Amino acid sequence: MKKVSEMLIAVSGDLLKSVDNLEEMQAHLDLVKTAWNMSLSSGKKRNGRLKKFIESQRGWAPSIEALEGLEWEFRRIMQQKDKLFPTVKKKVEFATAIEEDTNDYIIRAYFTNGAEPPPIT
């Protein structure tokens with residue numbers, strides 16, 4: 001099995017490639033993690049969770065188009081997760097980006113399993 005970080009990168013498409021700084025990288029990584037975890041639900045439950053999440057973002061979105069784009073991105077990530085890792089049913093508990101150099105990041109992530117997160121070095 002691949003590392004959790006590799007799986008998140010695989011389902012993210014270009015989302016983790018198009019960042020300007022560490023804060024933006026972490027925000028995009030959080031989006032990927034949330035979409036992954038949402039993809040663990042099926043059918044109506046998944047759609048209901050997505051609609052609730054999108055609605056919760058309404059106050060921060062600059063436009064309705066931005067909300068629609070966010071929903072599209074979530075659906076795309078969930079489809080990628082379903083396609084690439086259909087048998088992986090574990091929740092991503094922890095995902096963080098660490099800046100090694102300007103525009104060079106390491107991603108550390110792990111699934112829920114009751115263990116403590118690995119140390120960040």
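These remarks concern the structure in this document. The model shown is predicted, which means the values in this text are computed figures rather than measured ones.

Taken together, E99, E100, D101 and D104 make up a surface patch of like negative charges. Looking at which element gives the most residues to the negative patch, the answer is strand β1 (residues 92-101), with three residues.

With their axes 9 Å apart at the nearest point, helix α2 (residues 22-39) and helix α4 (residues 64-84) run at an angle of 60° to one another. What the angle tells us is that α2 and α4 run oblique. Viewed along their axes, α2 and α4 form a crossing whose handedness is right-handed. Where α2 abuts α4, its residues L31, V32, T34, A35, W36, M38 and S39 lie against L70, E73, F74, I77, M78, K81 and D82. Split by residue class, the contact of α2 with α4 holds nine nonpolar, two polar and three charged.

A word on the packing of helix α1 (residues 4-12) against α2. Viewed as axis vectors pointing N to C, α1 and α2 meet at an angle of 95°, and their least axial separation amounts to 10 Å. In this view, α1 runs roughly perpendicular relative to α2, as classed from their interaxial angle. Residues M7, L8, V11 and S12 of α1 lie in contact with α2, whose contacting residues are L29, V32 and W36. For the contact of α1 with α2, a count of residues per class yields six nonpolar, one polar and no charged.

L8 and W36 are the most contacted members of the largest nonpolar core, which has 30 residues in total. Contributions of two or more residues to this core are made by α1, α2, α3 (43-56), α4, β1 and β2 (104-111). Ranked by residues supplied to this core, first place goes to α2 with seven residues. Setting aside chain neighbours within four positions, we find W36 in contact with M7, L8, V11, K81, F85, V88, K90, V92 and F111.

Alignment of β1 against β2, held across eight bridges, turns out to be antiparallel. Among the inter-strand pairings, I98 is bridged to a residue of β2, identified as I106. With antiparallel pairing between neighbouring strands as the criterion, β1 and β2 make up a hairpin whose turn holds two residues, including N103 at a positive phi of roughly 60°.

The full count for this structure, using the stated rule, is six salt bridges. R76 is paired through a salt bridge with E73; the nearest N and O atoms lie 2.5 Å apart. Of this pair, R76 and E73 both sit in helix α4, three residues apart, roughly one helical turn. Each member of the pair, R76 as well as E73, carries the same accessibility label: buried. Taken together, the shared-partner salt bridges connect K51, E71 and R75 into one network.

What follows covers the side chain of R76. Look at R76 and you get buried, because its relative accessible area is 18%. Residue contacts for R76: discarding those within four places in its chain leaves V11, S12 and G13.

Rules used throughout
Residues numbered from 1 in each chain as written. Predicted model: local features only at pLDDT ≥ 70, side-chain atom pairs only at ≥ 80, totals over all residues. Heavy atoms only, no water. Patch = residues over 30% accessible without salt bridge, like charges linked within 9 Å, V, L, I, M, F, W, Y side chains within 5 Å. Areas by Shrake-Rupley, 256 points an atom, 1.4 Å probe, with all protein chains shown as cover. Salt bridge = Lys/Arg side-chain N within 4 Å of Asp/Glu carboxyl O. Lys, Arg positive; Asp, Glu negative; His and termini not counted. Charge placed at Lys NZ, Arg CZ, Asp CG, Glu CD. Helix = DSSP H or I, 4+ residues; strand = E, 2+ residues; numbered from the N terminus. Axes fitted to C-alpha atoms, helices over the stretch in contact; angles between N-to-C directions. Parallel < 35°, antiparallel > 145°, perpendicular 65-115°, else oblique. Left-handed = near helix turned anticlockwise from the far one by under 90°. Contact = heavy atoms within 4.5 Å. Nonpolar A, V, L, I, M, F, W, Y, C, P; charged D, E, K, R; others polar. Core = buried A, V, L, I, M, F, W, Y, C linked by side-chain atoms within 4.5 Å. Buried < 20%, exposed > 50% of the residue type's maximum accessible area, 1.4 Å probe, protein only. Pairing = 2+ DSSP bridges.

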